[in-house]
Amino acid sequence: MVNMRNNLLMLRKLLIVAAGMFAFGYALVPMYKAICEFTGINILALGEREIPGTGSARAKLTNTQVDTSRTITVEFDANARGPWLFKPAQSSVQVHPGEMTTIMYEFQNVQDRVMSAQAIPSYAPRQAAAHFNKLECFCFNQYTLAPGEKKQWPVVFVIDPKLSKNVTTITLSYTFFEVGSKTPAAPTAAADVTHKGAGA
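Model, not experiment: these values are computed from the prediction.

Enquirer: How do you make sense of the overall build of the protein when you look at a structure like this?
Expert: Helix and strand counts for the protein stand at 3 helices and 9 strands. Along the protein, from the amino end to the carboxyl end, the secondary structure elements read α-α-β-β-β-β-β-β-β-β-β-α. Counting across all 200 residues of the protein, residues that qualify as buried make up 34%. Across the protein, every contact between residues at least 6 apart in sequence was considered, and the portion connecting residues at least 24 apart equals 72%. In the structure as shown, the protein presents an accessible area of about 12400 Å², 58% of it carried by carbon and sulfur atoms.

Laid out in structure tokens, this is it:
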């Protein structure tokens, strides 16, 4: 009889602990979101939710950190390491530091087989890399495409206003390679280009 009471008491305690753990786990998601939004450390996830054109109310807010006194030309380059088509929808844009901008890259698997691929970015001049903040980029993931399948992927970025004022042109270059093959090095040609107005 005593053992049965002890067992029931233990079972009750375990149920209470299990219920408490479940409630705590359930509350972690809103707590995490609240903390990240308050501290701003969840900017990547925020960018994924608020790509311009998605109808998000927050995406329509004016960014007060835009430096309208400066204009930077951002050039886009694409290197396909394999038999597929890969290119930016536009060759360049002009942006202000602090301004959120979206451009598209186009890809088509022209092979007669399924393939998985991923892109790696590089920047020129090299010093721009630390100030080129991508909020959304297809380079974050691997993709599997069916034969003949076409895709369009966005790159959403903001250039940090702290970028040296000597830099007036940035080249963002992607190399798209098949997963499972030898990972190529980041393009060096773009990094070696001397840009007009770029600092040494």
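There's more to say after this.
Enquirer: Help me understand the sheet that holds strand S6 (residues 132-136) in this model?
Expert: What holds strands together in a sheet is hydrogen bonding between their backbones, with the strands either parallel or antiparallel. Strand order in the open sheet formed by 4 strands is S2-S4-S8-S6, and the pairing between neighbours is antiparallel. Looking at strand neighbours, the two that pair on one side only are strand S2 (85-88) and S6, the edges of this open sheet. Within this sheet the neighbouring strands show an average axis-to-axis angle of 30 degrees, counted without direction. Bridging between S6 and strand S8 (residues 150-159) involves 4 bridges; their strand directions are antiparallel. Across the sheet, Phe132 pairs through a bridge with Ile159, a residue of S8.

Enquirer: What exactly am I supposed to notice about the side chain of Gln108 here?
Expert: In this fold, Gln108 is placed in strand S4 (residues 101-108). In terms of polar contacts, Gln108 uses its side chain to reach the backbone carbonyl oxygen of Gly148, at 3.5 Å. Among all residues touching Gln108, those that are not within four sequence positions of it are Trp84, Leu85, Gly148, Glu149 and Lys150.

Enquirer: It is not clear to me how the state of the cysteines should be interpreted in this structure. Could you clarify?
Expert: Tallied over the full model, the rule gives 1 disulfide. Linked covalently through their sulfurs, Cys137 and Cys139 form a disulfide whose S-S length is 2.4 Å. Judged by the sign of its S-S torsion, about 130 degrees, the cystine formed by Cys137 and Cys139 is right-handed. For Cys137, a relative accessible area of 1% translates into the label buried. A relative accessible area of 10% means that Cys139 is categorised as buried.

Enquirer: Which parts of the structure should I look at to understand unusual backbone geometry?
Expert: When glycine is set aside, most residues are seen to have a negative phi, and most peptide bonds are trans. Backbone torsion omega between Ala124 and Pro125 reads -5 degrees, so that peptide bond is classified as cis. Tracing the sequence through the fold places Pro125 in the loop between strand S5 (115-124) and S6.

Enquirer: Looking at this model, I keep getting lost on the sheet that holds strand S9 (residues 169-178). Mind explaining?
Expert: With mixed pairing, the 5 strands of this open sheet are ordered in space as S3-S1-S9-S5-S7. Each end of this open sheet is capped by a strand with a single partner; those strands are strand S3 (92-95) and strand S7 (143-145). On average, adjacent strands in this sheet sit at an angle of 30 degrees to one another, irrespective of strand direction. Of the strand pairs in this sheet, strand S1 (residues 72-81) and S3 are connected by 4 bridges, and their pairing is antiparallel. Looking at S3, one finds that Ile72 is bridged to Val95.

Enquirer: What should I look at first to understand the packing of aromatic side chains in this one?
Expert: We describe a pair of aromatic rings using the distance from one ring centre to the other and the angle between the two ring planes. With the rule as written, the count across this model stands at 19 aromatic pairs. Both rings, one in Phe138 and one in Phe176, keep their centres 6.5 Å apart while their planes meet at 50 degrees; by these two values the pair is tilted. One end of the pair, Phe138, is in the loop between S6 and S7; the other, Phe176, is in strand S9, with 38 residues separating them in the sequence.

Basis of the calculations
- Each chain carries its own residue numbering, running from 1 in the written order of its sequence.
- Two thresholds apply to this predicted model, a pLDDT of at least 70 for residue-level local features and 80 or more for giving and counting side-chain atom pairs, whereas whole-chain, interface and lining totals are computed over all residues.
- Values shown for side chains rest on all heavy atoms present in the structure; no hydrogens or waters enter the calculation.
- Elements are defined by DSSP. Helices are runs of H or I of four residues or more, strands are runs of E of two residues or more, and each kind is numbered from the N terminus.
- The rule is simple: take the accessible area with a 1.4 Å probe, protein chains only, and divide by the maximum for that residue type; under 20% is buried, over 50% is exposed, in between is partly exposed.
- Throughout, a contact is declared for two residues whenever any of their heavy atoms are within 4.5 Å.
- Each accessible area is a Shrake-Rupley result for a 1.4 Å probe, and residues are judged covered by the shown protein chains and nothing else.
- Any two strands are treated as partners once DSSP identifies two or more bridges connecting them.
- To get an axis, fit a line to the C-alpha atoms, keeping to the stretch in contact for a helix; angles then go from 0 to 180 degrees between the N-to-C directions.
- Side-chain atoms alone can form a polar contact between residues adjacent in sequence; in general such a contact is a pair of N or O atoms within 3.5 Å, and within protein one must be able to donate a hydrogen while the other accepts it.
- Put simply, a disulfide is two cysteine sulfurs that come within 2.5 Å.
- Note on aromatic pairs: the rings of Phe, Tyr and Trp (six-membered ring only in Trp) are paired at centre separations within 6.5 Å, and the planes decide the class, stacked below 30 degrees, edge-to-face beyond 60, tilted for the rest.

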